Amino acid sequence: MSKPHKLDHRPFLVRPGSEVRIRGFDPTYTAGFASKQDGKAALLEDVDALAKAQELLYAADRYSLLVIFQAMDAAGKDGTIKHVMSGVNPQGCEVTSFKAPSADELDHSFLWRCMKRLPQGGRIGIFNRSYYEEVLVVRVHPEWLDAQHLPPGPRGDKFWQQRYDDINAFERHLVHNGTHVVKFFLNVSKEEQRQRFLAR
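Quick look at the structure, then. (Residues numbered from 1 in each chain as written. Predicted model: local features only at pLDDT ≥ 70, side-chain atom pairs only at ≥ 80, totals over all residues. Heavy atoms only, no water.)

**Observations concerning the nonpolar core**
Stated precisely, the cut-off is as follows: Only buried residues count toward a nonpolar core. Its members are Ala, Val, Leu, Ile, Met, Phe, Trp, Tyr and Cys residues joined through side-chain atoms within 4.5 Å. Note on exposure labels: buried denotes an accessible area under 20% of the residue type's maximum, exposed denotes more than 50%, and partly exposed covers the range between, all computed with a 1.4 Å probe on protein chains only. Elements are defined by DSSP. Helices are runs of H or I of four residues or more, strands are runs of E of two residues or more, and each kind is numbered from the N terminus. Note on contacts: a residue pair qualifies if any of its non-hydrogen atoms lie within 4.5 Å across the two residues.
Judged by nonpolar contacts, the single largest core of 17 residues is most densely connected at Leu66, Ile68, Leu111, Phe127, Tyr131, Trp160 and Ile167. The element best represented in this core is helix 7 (residues 157-176), accounting for five residues. Setting aside chain neighbours within four positions, we find leucine 111 in contact with Tyr131, Asp166, Ile167 and Phe170. Counting residues in hydrophobic clusters, the runner-up holds 13 residues, among them Phe69, Ile81, Met85 and Val188.

**What to know about the pattern of salt bridges**
When the charged atoms of two side chains lie near each other, side chains of opposite charge can form a pair. Heads up, the rule is: Take a side-chain nitrogen of Lys or Arg and a carboxyl oxygen of Asp or Glu: if they are within 4 Å of each other, that pair is a salt bridge.
Tallying each qualifying case throughout the model produces 11 salt bridges. Glutamate 134 is the salt-bridge partner of arginine 163, the closest N and O atoms lying 3.2 Å from each other. A residue pair is termed long-range when its members are at least 10 positions apart, and arginine 163 in helix 7 and glutamate 134 in the loop between strand 3 (124-128) and helix 5 (137-140) qualify at 29 residues. Looking at arginine 163, the relative accessible area reads 4%, which means it is buried. Looking at glutamate 134, the relative accessible area reads 6%, which means it is buried. Between glutamate 191 and arginine 194 there is a salt bridge, with its nearest N and O atoms 3.1 Å apart. With a gap of three residues between them, glutamate 191 and arginine 194 both fall in helix 8 (residues 190-199), about one helical turn apart.

**Observations regarding the side chain of arginine 163**
Short version of the rule: Counting of polar contacts relies on pairs of N or O atoms within 3.5 Å, with two restrictions inside protein: one atom must be capable of donating a hydrogen and the other of accepting it, and residues adjacent in sequence are counted only when both atoms are side-chain atoms.
Polar contacts involving the side chain of arginine 163 include one to the side chain of glutamate 134, which spans 3.2 Å. The contacts of arginine 163, once residues within four sequence positions are left out, are Phe110, Glu134, Val135, Leu145, Gln148 and Leu150.

**Side note on unusual backbone geometry**
Even without a glycine there, the phi angle at alanine 31 is positive, about 60°. Checked against the element boundaries, alanine 31 lands in the segment before helix 1 (36-60). With relative accessibility at 15%, the residue alanine 31 sits in the buried group. The backbone of aspartate 61 sits at a positive phi, close to 50°, despite the residue not being glycine. Here aspartate 61 shows up in the loop between helix 1 and strand 1 (64-71). Aspartate 61 gets classed as exposed once you look at its relative accessible area, which sits at 52%.

Laid out in C-alpha cells, this is it:
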C-alpha cells in the first residue's frame, strides 16, 4: 500500500462572490489515491487530527464550528458524517438532520429552525441539509413556499435575492460572533447516483 497523502483542497474551495458550476467539478476525482484503502488510511490520520483539534476548541470555549453538508440525493451525506466525525467526542458535537418543517417551524422565519440548532461555544454543530433548502428545493416546489404563511407579494427574482441576502447576512453574523462556518457540497455523477438508487 502506498503512503497516504493529504488532499489538496484548494481546487474545491469556492471563493466568496465567485460563480460555481457543478459541471466544472469531476465527481470521479480520487485526489491521486491509488485505492480506497489508501484513502481510508489518510482518513484515519485526519480523524485523529480532528479529535485533537476538538479538544482545543472545547478547552478554549471561545469559538464554535458549524459544518454544513448539502448534496444530491444518494451522494452520501450520512456516510460522510459518520466516517469523518467518527473520532469526535460526541459530548461536544451535535448532528441535526433537517427534514420537512413542522407546523411550528413554518410559523417562524425560514432561518429559525437552523438558528435553534447552532453550536454553542466550544462545540461542533453538523447540519445534514440546512437553510440552503429554502433557496433550492423550495424554489423548485413553490407549493412548499405557500405553506410558510408569508405575507402576500411577488415571488420573483427579487424575493429569492432577498433570501440569498438573508443567508449571507446570517452567516456573517455567525462568523463575527465566533462561529466558523464550513460548507460542503457532495457531488456524484448521474450514473453513480442511479446505481446507488438501484442498490437501495
